[in-house]
Each structure stands twice: as structure tokens, then as C-alpha cells.
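Residues per chain, in single letters:
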Amino acid sequence: MANFQNEREQLAQLEDLFRENKFIDGLSQAEDVIKLFPASFQLRFLKFKFLRALEKTEEAMLLLREMYVMFGDNIMVLKELAELNFQQQKHPESLLYYQKLLFLDSFNTVAQERVKQLQGLLEAGVSAKLDDTKVEIFQEDSVARELSAPPQITFEVESGTTVLADEKGTQPQGEEKPFETESAAELYFKQGLYRESLAIYKNLFEKTGRTDFFMKIKAILLLQRTEKSNQVIEQLQRFLQLIQQRGSQIV
């Protein structure tokens, strides 16, 4: 009981500092008090409010993510995560948290409007990305045709004449195959060739360690497990396209 009363007193003091706009002092005190009560949701949320007031966006985001891991789908945490990601123009992440928020609070009109807004933004972005992808695929197909054609090698003989000889090009060991590219994986996916797309993404992830490739792998695996449901398939395809639209920006 004594500990509870002490925590409540600390909360009251921090709330007073926040109302008085003493954000720096409040943040410093909150950090000290959290060490005494590490499992307190209220203390951590007050620290977040101080960070937000001081415009320490990255630290505020990190704290929210820690709280999400600790406390699960808490409505207050989801709301702040959704809004902060939206402010940073991280639209796929923002949409994910707003959808979780709506699952818990289906009558939240603000979240409903924001989901519609984000879906529109992301669909527009996907359309633009697909147009760019068509150009990339055309360019890579042209390069691939050149690579697959038998090269002509010229060399001088003793008589001084030039001789042309055909030789089959060989792929140097360890060099990436022409079709094992991100654009090729996207093309396979759009054609419904999920196994081929998955194999390329796995290879690219092993070579680069990029998080967006890992997310695409997870999305395809989920898609393969739910092929019997057309509705779920469409949702996962949209999710994968949103990830593709973000490219290497995912961290």
C-alpha cells in the first residue's frame, strides 16, 4: 500500500509539472521515478507526454513501441502510435495501428476517417509504384536479352585479318542471376507465381539483410496459407503492395 501511495504521489507531482509547462524538469523526474516503478503504465505514458511536448519525436516513438510490447493493444498507446506515424508520413504503419484501434473501438469516428484517408493515399502510391515498376521490368528484360545472346569475340590472327567467333557466355560464380531481382520477384507475385517470388525474396534477403525483403517474405507466406479465402488473399496482396511501395524505407 505504501508503494502504491508513493507512486500516486509521484504521478500527481508529474502531472503538476506538465500543467505548469515544466517539461524538461518533468521529463528528468519521470525518468528517475520510472526506475522505481518500471511496470507503471501511467508513469511511462506521462514520460511520453513530456517527450512529445519537447518534440523529441524519435524518443517518443521508441517509448511507445516499448509500451506496446509491454502492455499489448492498449487503446491509448495505439492511438498515439497511429497518430505519430501519420505525422511522420509512415502511412502503412499508421494504417496498421488505426485498424487495430478500430478493432477495439469500432465507433471511433476519428480513426474511421483516418483509415479511409490512409487507404486512399496508399492506393494512389501503389498505382504510381506499379507504373515505375513497368519501366524497370522493361529495362531489365532488355538487359537480360542482351546477356542471354551469344557474344561475338573478335581477335587478330597472324595474317592481320579479323576473325569473328561465337562463344556461349558463362555466368561468373557468385554473381547475381539476371532474373533474381526485386522487379522480377514483384512480377512473379503479380502473376500469381508465389513460390518463384518467394524464392527470389529469400535470396535477396540472405544477401542484403534488408527488412523490407523480410516483410515481403512474411506476407507471401501468409498469402500461401490463406489461398482458400479470396477476401483474405486480396487483403494480403494489398498489404504486400503497400510494403513494396515503401521499398527500403522500412526499418
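Small disclaimer: the values here were computed from a predicted structure and weren't measured.

Conventions and cut-offs
Residues numbered from 1 in each chain as written. Predicted model: local features only at pLDDT ≥ 70, side-chain atom pairs only at ≥ 80, totals over all residues. Heavy atoms only, no water. Core = buried A, V, L, I, M, F, W, Y, C linked by side-chain atoms within 4.5 Å. Buried < 20%, exposed > 50% of the residue type's maximum accessible area, 1.4 Å probe, protein only. Helix = DSSP H or I, 4+ residues; strand = E, 2+ residues; numbered from the N terminus. Contact = heavy atoms within 4.5 Å. pLDDT = per-residue confidence, 0-100. Polar contact = N/O pair within 3.5 Å; in protein donor to acceptor, adjacent residues only side chain to side chain. Axes fitted to C-alpha atoms, helices over the stretch in contact; angles between N-to-C directions. Parallel < 35°, antiparallel > 145°, perpendicular 65-115°, else oblique. Left-handed = near helix turned anticlockwise from the far one by under 90°. Nonpolar A, V, L, I, M, F, W, Y, C, P; charged D, E, K, R; others polar. Phe/Tyr/Trp six-rings, centres within 6.5 Å; stacked < 30°, edge-to-face > 60°.

A closer look at the nonpolar core
Piece 1. Formed by 38 residues in total, the largest nonpolar core has its most connected members in L14, L43, F50, V77, L81 and Y98.
Piece 2. Counting only elements with at least two residues in this core, the list comes to α1 (2–19), α2 (23–36), α3 (41–53), α4 (57–71), α5 (75–87), α6 (91–104) and α7 (109–148).
Piece 3. The dominant element in this core, judged by the number of residues it contributes, is α3, at seven residues.
Piece 4. Residues contacting L81, with those up to four places away along its chain left out, are M61, L64, R65, Y68 and Y97.

Looking at the confidence of the model for the protein chain
Piece 1. Across the protein chain, the average pLDDT comes to 76, with 66% of residues at 70 or higher.
Piece 2. When pLDDT is averaged over each helix and strand of the protein chain, the minimum, 41, is found for strand β1 (residues 152–156) and the maximum, 95, for α3.
Piece 3. Low confidence marks residues 152–176, where pLDDT is under 50. Its contacts with residues over four positions away, or in another chain, come to 28 contacts.

Some remarks on the side chain of N108
Piece 1. Structurally, N108 is set in the loop between α6 and α7.
Piece 2. Of note is the side chain of N108, whose polar atom sits 3.0 Å from the backbone nitrogen of A111.
Piece 3. Non-local contacts of N108, meaning those with residues more than four positions away in its chain, are made with L101 and L102.

Section: the packing of α2 against α3
Piece 1. Packing of α2 against α3 brings their axes to within 9 Å, and their N-to-C directions diverge by 150 degrees. Our classification of the angle between α2 and α3 gives roughly antiparallel. Of the two possible hands of crossing, α2 and α3 adopt the one that is left-handed. Residues F23, G26, L27, A30, E31, V33 and I34 of α2 form the contact with α3, whose own contacting residues are L43, R44, K47, F50, L51 and A53.
Piece 2. A class-by-class count of the residues in the contact of α2 with α3 yields nine nonpolar, one polar and three charged.

Considering the environment of Y98
Piece 1. Assignment of secondary structure puts Y98 in helix α6.
Piece 2. With 16 residues separating them in the primary sequence, Y98 and A82 have C-alpha atoms 5.5 Å apart.

Points about the packing of aromatic side chains
Piece 1. Applying the stated criterion to the full structure yields seven aromatic pairs.
Piece 2. With centroids separated by 5.8 Å and ring planes inclined at 80 degrees, the aromatic side chains of Y68 and Y97 adopt a geometry described as edge-to-face. With Y68 in helix α4 and Y97 in helix α6, this residue pair connects regions lying 29 residues apart in the sequence. For the pair shown, Y68 and Y97 are each scored as buried.
Piece 3. With 6.1 Å between their ring centres and 40 degrees between their planes, Y201 and F213 make a pair best called tilted. Taken together, the residues Y201 in helix α9 (residues 194–208) and F213 in helix α10 (residues 211–225) connect sequence positions 12 residues apart.
Piece 4. A relative accessible area of 0% places Y201 in the buried class.

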